[in-house]
Amino acid sequence: MTDSLVILGSTGSIGTQTLDVARKYNIDIKALTAFSNVKLLEEQIRSFKPSVAVMYDEKSANDLKQRIADTNTKVLCGMDGLIEASSMQDAQVVLNALVGMVGLEPTLAACKAGKTIALANKETLVAGGELVMNTVKDNGVSLLPVDSEHSAIFQCLQGCPEKKYLKKLILTASGGPFFGKKRDELKDVTVKEALAHPNWSMGAKITVDSASMMNKGLEIIEARWLFDMQADDIDVVVHRQSIIHSLIEFQDNSVLAQLSQPDMRIPIQYALTYPDRVESPVKELDLTSIGTFTFDKPDYETFECLSACKKALSKGGTSPAIANGANEAANLLFREGKISFLKIGELVSGAVDSLPSVPIKTLSDVLNADKTAREYVYSSI
Ligand code: NDP
Ligand code: MG
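Definitions and limits used
Counting of residues starts from 1 at the beginning of each chain's written sequence and follows it residue by residue. As a convention, the first chain written is A and the first ligand written is 1, with the rest following in written order. Thresholds applied to this predicted model are a pLDDT of at least 70 for local features of residues and 80 or more for the giving and counting of side-chain atom pairs; totals over whole chains, interfaces and linings are not thresholded and use all residues. Side-chain numbers here rest on the full set of heavy atoms in the structure, without hydrogens or water. Helix and strand assignments come from DSSP, with helices taken as H or I runs of at least 4 residues and strands as E runs of at least 2, each series counted from the N terminus. Residue proximity to a molecule or strand is established when one non-hydrogen atom of the residue lies within 4 Å of it. In protein, a polar contact requires one atom able to donate a hydrogen and another able to accept it; more generally it is a pair of N or O atoms within 3.5 Å, and residues adjacent in sequence count only if both atoms are side-chain atoms. Lys, Arg, Asp and Glu make up the charged group, whereas Ala, Val, Leu, Ile, Met, Phe, Trp, Tyr, Cys and Pro make up the nonpolar group; the residues left over, Gly among them, are polar. Should a side-chain nitrogen of Lys or Arg be within 4 Å of a carboxyl oxygen of Asp or Glu, the pair is scored as a salt bridge. For the exposure calls, accessible area comes from a 1.4 Å probe over protein chains only, and a residue counts as buried if that area is under 20% of its type's maximum, exposed if over 50%, partly exposed in between.

Caption draft 1: Local environment of unusual backbone geometry. The omega torsion of the bond from Tyr274 to Pro275 falls at 5°, within 30 degrees of zero and hence cis. Checked against the element boundaries, Pro275 lands in the loop between helix 12 (265-273) and helix 13 (287-290). A positive phi angle, near 70°, is found at Asn253, a position not held by glycine. Tracing the backbone shows Asn253 in the loop between strand 10 (244-250) and strand 11 (255-259).

If you want it as structure tokens, here you go:
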């Protein structure tokens, strides 16, 4: 069981649920961070008394400093602040629940400081791939998945004594709010419709990624790196109920699955208690009240982001960073009402097809690919 924890992105959907788990198990919180949500971060600081708080935005950091002048919490800001929080000497685990590429350098810093990393921030593993995994290996640290599908696979893998027995990973996808729809039915969908996820309550960016199925594309790449599997050995199946969180298939075609209510507090908690299992606030699974499980093939033609991610993975090098960077920009433009829903997929595919991929040797290779992909998006609209 984790005894001391830094939470990056503590004011978000994963961050607040992590604090629920920390409260229940008296985990000592060493640092909390946000982008600009001063009000919630102040409440969290008063409740959990971390020694460090990071407000990424400088103006909000100054505001926070004044509000909590009566506490012993030191306020930092910007990327330097996130890196300092990720490297704190007295913290055992860093849970990265930042959204987007901003999480990359803090993850690398946490590895170098010898921390166990619980990773929700999938974008940075997708973009950084080999660089992140090599940094994990070189520093002898553990990278534990928080994403529900990857936690499910990780849990199933506890029943696989040797990698050679494993044949395939099967990621489940809810299909999101637009499952079954074709391109002409998706032309005019609104941000509100894209944000209405049938099963999960999450931050805005990942909810739109679920609607476009970019999220599943990112998760294929995430699984490739977390579990060192080749793209051809990672399948996706649409499972509308979101009860089976993913499966593994062995050489003998026997399959193991992990099931639970769709509630992130189970994967978050497992990353913090691994290898132990403790009670959770999530209700028991009542299979008879669910009744039916369904499984469908994903629609790669309609959900272009999914095919673009597969292509990026097979191209290798900086292609996944390009897919991710293009999507981060396009996802935001869609939420701002500046582009249509279908344009997200067109931009991600366009970036993967037209931008050159180079091997990733350093952090700059990843950051440059990300920048070029964003520029591609802004110049294509
Ligand atoms: P949210 O948008 O709810 O929260 C993001 C957090 O990061 C907030 O604390 C936010 O601060 C902070 N933040 C956002 N942008 C920046 C920035 N530029 N610099 C510094 N801090 C920033 O996201 P989620 O919790 O939904 O998702 C977090 C990560 O977990 C994502 O990578 C997502 O894909 C992954 N994930 C999420 C799941 C979920 O159920 N939500 C499930 C599986 C994976 P502020 O509040 O001030 O804006
Ligand atoms: Mg997921």
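Resuming the write-up.
Caption draft 2: Up close: the site of ligand 1. The immediate surroundings of ligand 1 are formed by 24 residues, with Thr11, Ser13, Ser36, Asn37 and Glu123 found nearest. Side-chain polar atom of Glu123 to an oxygen atom of ligand 1: 2.7 Å apart, as the coordinates give it. Between an oxygen atom of ligand 1 and a main-chain N or O atom of Gly203, the distance comes to 2.9 Å. If you list the elements that add at least two residues to the shell around ligand 1, you get helix 1 (13-24) and helix 6 (122-138). Across the shell around ligand 1, the residue classes tally to 12 nonpolar, nine polar and three charged.

Caption draft 3: Quick peek at the pattern of salt bridges. Counted under the stated rule, the structure contains 32 salt bridges. Between Arg46 and Glu42 there is a salt bridge, with the nearest N and O atoms lying 3.0 Å from each other. Taken together, the residues Arg46 and Glu42, both in helix 2 (residues 38-48) and four residues apart, mark about one turn of the helix. Overall, Glu42 belongs to the buried group, its relative accessible area being 16%. The shortest N-O distance in the salt bridge between Asp228 and Lys163 comes to 4.0 Å. Of the two residues, Asp228 sits in the loop between helix 11 (214-226) and strand 9 (234-238) while Lys163 sits in the loop between helix 7 (148-157) and strand 8 (166-173), which places them 65 residues apart along the sequence. Here the residues in one salt-bridge network are Glu42, Arg46, Asp63, Arg67 and Asp70, joined through shared partners.

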